[in-house]
Structure formats: C-alpha cells, structure tokens
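The lines below spell out each chain.
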Amino acid sequence: MDPKPKGWRLVKIEGVPLTEETAKNWNEIKDFQARPDDVLICTFPKSGTAWIQEIVEMILHGGDSQKCDLLPNYERSPFLELFLPKPFLLGVKAEEMPSPRILKTHLPAKLLPPSFWKQNCKIIYLARNIKDNAVSSFCFRRMNQLAPDPGDWNNFLENFIAGEWTYGSWFDHVCGWWEAKDHYPILYLFYEDLKENPAQEIGKVARFLGVELPELVLSQIVEHTAFKSMKVNPMTNFSTMPSSILDHTVSSYMRKGTVGDWKEHLTVAQSERIDDICAQKLRDSGLIFRTQL
Ligand code: A3P
C-alpha cells in the first residue's frame, strides 16, 4: 500500500493561494516554454477539466477513442503546475512530450507563464457556475488526500466565496480569463452550455482547433465524452490513481456531472447571498452564468 502523503499547505503567489509544492517550484513553472502549436486547457478546478480534455483529445485524434484509451488522461495531457511530492511521480513531463501537446492548467490568467502569451497559443477556457463549482470542490477536497481538509460545508463555502482556497477567487478567475479572451486566441466555454448541447459546443471546439468533423465522428465524440461513458472508463475516471491520492471510497471523481446539484447542498440564504455577490462582482464583466437548465 502507498504511504499516505500529508495534506498540502497553501502559499500565496501574487496574492493567489497555491499548493506549497506549486509555490516551491514557481520559478520553473513561470519559465515554462510553450510551443506555438500547444493547446492549453484552462479551468478553475472542478469546472469540467477532464471533460474538455477528453473532448480536445478526441477531436485531435479524429474521434479515434482507441488512441485516447491508451493511457489515463493525466498521462496524456500534463498538468502544468502540479508537482507531486515523492514518491508520487505521476504523469508525463510536458518538456519531454512531442508536439502537438495538450496541456492543462488551473492558473488564473495573471499567473500564466508568459511564453503562452508570446507564442499566441490556442487556449480553451471552460467556466462553471459558482454554486455547482463550490459543491464539486467540497466533495473533491474530501476525497483528495493531498488537499487541505475542507472542514465542514458551511465554513468551506465561506472560504470558497472569499477566495481563500486553492487558486484563489472564482470571480477573479472567470473574469480574468474573460478579459484575456479579447486579446488572445481563447475559446471561452461554459459547462452548462456543454451539458445542454454537447454536439454544438464540441463543434465550436473543433472549429477553433481548425479541425473539420464529419457528423459521424462528432456523434462518436459526444458518445465517448458523455458523463455515463467517462464515469466507467478507467482512462478518464481517475480510478487508476492511488487511493492514497484520490480516495474513491469518500467520493467519486466523476460524481454527478449535472447542472443544479447545488440545490441539494446550499440553503436558500446561502444561494441568495451568492446571487447578490455574483450580481455585484460580475456586473461590469458582462459574464452571465446559468445555475440550472
Ligand atoms: P461533479 O462533482 O459536480 O459531478 P474537473 O475535471 O475540473 O475536476 O471537474 C470535475 C467535475 O466535472 C465533476 O463534477 C465531474 O462529475 C464533472 N464531469 C467530468 N466529466 C463530465 C462529463 N463528461 N459530463 C458532465 N460532467 C462531467
């Protein structure tokens, strides 16, 4: 059995709380050398990162699921700023990967290694409404043995809203990338749209990547990346990770995959308070999130 690692502390970089392992390696991360044909997937954690990763992989492999099924997703598209403590050497090193690379990050736009901007890389940002995002984060923090203990739900929610959690403020994250999309090749997508009309949104991703998808291939990608398929696929459901990192007996990684699960967890008062904060903090951005379909 693997030894159980200690939960990470959070350390602020430019005001954003990151795990201590990321903070320790910050100079190396900041100097990461992007290549012009890199595709970067960016999300606030628990916004559907694994989903959009699988979609992008399937598109770039022309819908060939066998190519995606060769390795677990975390081995196929490296997580830029994740440095696992020894002996947890999972994943590939991005530097060693051949092009074209699909990379993943949760960094806010202001902390993105500058070479991505210089190389004008294609970036796909997937955003999810804060209520479902908070619930998913809470459940994930409980199963993630490396993350700090989230404590009880009410305290967690307060910290989450205040941005006192890994990657900082959800508001700053979604707004920072929303602003960046006016200056760089960024496709900004919403989890709720992807859930409502996967074929349409996958079509947008394919066009953004310059790939033409025949109808049949598009429907194969919709099928392969549907929640019910990804939940039972060991290459996408993180069941291959050691339980000392992700403990699936506490919660699944592929937990519910819905819009509106927050209704099972938030009180009316909590929900209304978040609505008020969203109205204030998102007002000038023009960003609109749906919390139900
Ligand atoms: P829930 O916890 O609400 O179920 P990330 O990959 O960024 O960590 O996000 C994980 C969340 O995305 C989980 O949300 C997970 O169930 C959901 N998700 C993953 N794949 C999905 C899919 N194919 N369809 C819908 N939701 C998906």
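See the structure above.
Below, the structure is looked at part by part. In this convention, every chain numbers its residues from 1, walking through the sequence in written order. Owing to the predicted nature of the model, reporting of local features is limited to residues with pLDDT of at least 70; listing and counting of side-chain atom pairs is limited to 80 or more, with chain, interface and lining totals taken over all residues. Based on all heavy atoms of the structure, the side-chain values leave hydrogens and waters out of the count.

The next subject is helix 8 (residues 153–162). Two residues of an α-helix separated by three or four positions point the same way, owing to the 3.6 residues in each turn. Three labels apply to residues, based on accessible area from a 1.4 Å probe with only protein chains included: buried if under 20% of the type maximum, exposed if over 50%, partly exposed otherwise in between. A helix here means a DSSP run of H or I that spans at least four residues, while a strand means a run of E at least two residues long, and both kinds are numbered starting from the N terminus. Within helix 8, the full set of buried residues consists of Trp153, Phe156, Leu157, Phe160 and Ile161. Seen along its axis, helix 8 keeps its buried residues to an arc of 130 degrees; they face one direction. Contacts are residue-level and defined by heavy atoms, with any inter-residue pair within 4.5 Å sufficient. On its buried side, helix 8 packs onto helix 7 (130–143), helix 9 (170–180) and helix 14 (268–282). You can read the cap of helix 8 off the contacts: a side-chain oxygen lies 3.0 Å from the backbone nitrogen of Asn154, and it is on Asp152. Two residues or fewer past helix 8, Gly163 is found with a positive phi of approximately 80 degrees. Read the arc as the range of directions from the helix axis to the C-beta atoms. We define a polar contact as two N or O atoms separated by no more than 3.5 Å, with the added condition that, inside protein, one atom must be a possible hydrogen donor and the other a possible acceptor, whereas residues neighbouring each other in sequence contribute only through side-chain atom pairs.

Another point: the pattern of salt bridges. Any Lys or Arg side-chain nitrogen located within 4 Å of an Asp or Glu carboxyl oxygen qualifies as a salt bridge. One pass over the structure, following the stated rule, counts 17 salt bridges. A salt bridge links Asp38 to Arg101; the nearest nitrogen and oxygen atoms lie 2.8 Å apart. Here Arg101 lies in the loop between helix 5 (73–76) and strand 4 (102–105) and Asp38 lies in the loop between helix 2 (26–30) and strand 3 (39–43), a separation of 63 residues in the sequence. Neither residue differs from the other here; Asp38 and Arg101 are each classed as buried. Across the salt bridge formed by Arg255 and Asp261, the nearest N and O atoms sit 2.9 Å from each other. Residue classification places Asp261 among the buried positions, given a relative accessible area of 6%.

Aromatic rings from Phe, Tyr and Trp, taking only the six-membered ring of Trp, are treated as a pair when their centres fall within 6.5 Å; an angle between ring planes under 30 degrees marks them as stacked, one over 60 as edge-to-face, and anything in between as tilted. For the structure on display, the rule yields 21 aromatic pairs. Aromatic pair Phe238 and Tyr253: ring centres 3.8 Å apart, planes at 20 degrees, arrangement stacked. Placement of the pair is Phe238 in the loop between helix 13 (227–232) and helix 14 and Tyr253 in the loop between helix 13 and helix 14, with a sequence separation of 15 residues. Overall, Tyr253 belongs to the buried group, its relative accessible area being 18%. Among the aromatic residues, those joined into a cluster by ring pairs are Trp117, Tyr125, Trp170, Phe171, Trp177, Trp178, Tyr184, Tyr188, Phe190 and Phe289. Distance and angle both matter: a charge sits over a ring if NZ of Lys or CZ of Arg is within 6 Å of the ring centre and within 35 degrees of the ring normal. Above the ring of Phe140, the side-chain terminus of Lys46 is found at 3.7 Å from the ring centroid. It is Arg128 that lies over the ring of Tyr191; its NZ or CZ is 4.0 Å from the centre.

Once that is clear, we can look at the sheet that holds strand 3. Spatially, 4-3-5-6 is the arrangement adopted by the four strands of the open sheet, whose pairing is parallel. Bordering the open sheet on either side are strand 4 and strand 6 (186–190), each of which pairs with just one other strand. Taken pair by pair, the neighbouring strands of this sheet meet at an average axis angle of 20 degrees, ignoring direction. Between any two strands, pairing holds if DSSP finds at least two bridges. Of the strand pairs in this sheet, strand 3 and strand 4 are connected by four bridges, and their pairing is parallel. Considered in strand 4, the bridge of Ile41 is made with Lys104. Fitting a line to C-alpha atoms yields each axis, with helices limited to the stretch in contact; the angle taken between N-to-C directions then spans 0 to 180 degrees. Along the sheet, helix 3 (residues 49–60) contacts strand 3, strand 4, strand 5 (122–127) and strand 6; its crossing angle with strand 3, the most-contacted strand, is approximately 160 degrees. Helix-sheet contacts for helix 11 (residues 198–208) involve strand 5 and strand 6, and the interaxial angle to strand 6 is about 170 degrees.

Let us now look at the packing of helix 8 against helix 14. Two elements in contact, helix 8 and helix 14, have axes separated by 12 Å at closest approach and are oriented at 0 degrees. Considering their axes alone, helix 8 and helix 14 lie roughly parallel with respect to each other. The residues of helix 14 that touch helix 8, namely those facing Trp153, Asn154, Leu157, Glu158 and Ile161, are Gln270, Arg273, Ile274 and Ile277. Polar here means any residue outside two lists: the nonpolar Ala, Val, Leu, Ile, Met, Phe, Trp, Tyr, Cys and Pro, and the charged Asp, Glu, Lys and Arg; Gly therefore counts as polar. Tallied by class, residues from the contact of helix 8 with helix 14 come to five nonpolar, two polar and two charged. Between 65 and 115 degrees an angle is taken as roughly perpendicular, under 35 as roughly parallel, over 145 as roughly antiparallel, and anywhere else as oblique.

Turning our attention to the site of the ligand. Here, proximity means that at least one heavy atom of the residue falls within 4 Å of the molecule or strand. Around the ligand lies a shell of 19 residues, among which Thr49, Ser136, Tyr191, Tyr253 and Lys256 are the nearest. For the ligand, an oxygen atom lies 3.1 Å from a polar atom in the backbone of Gly48. In the complex, 98% of the free accessible area of the ligand, which totals 570 Å², lies under the protein chains. Those elements that provide at least two residues to the shell around the ligand are helix 3, helix 10 (191–196) and helix 13. Among the elements that take part in the shell around the ligand, helix 3 stands out by supplying three residues, more than any other. Under the convention used here, a 1.4 Å probe and the Shrake-Rupley method define accessible areas, while residue burial counts only the protein chains that appear.

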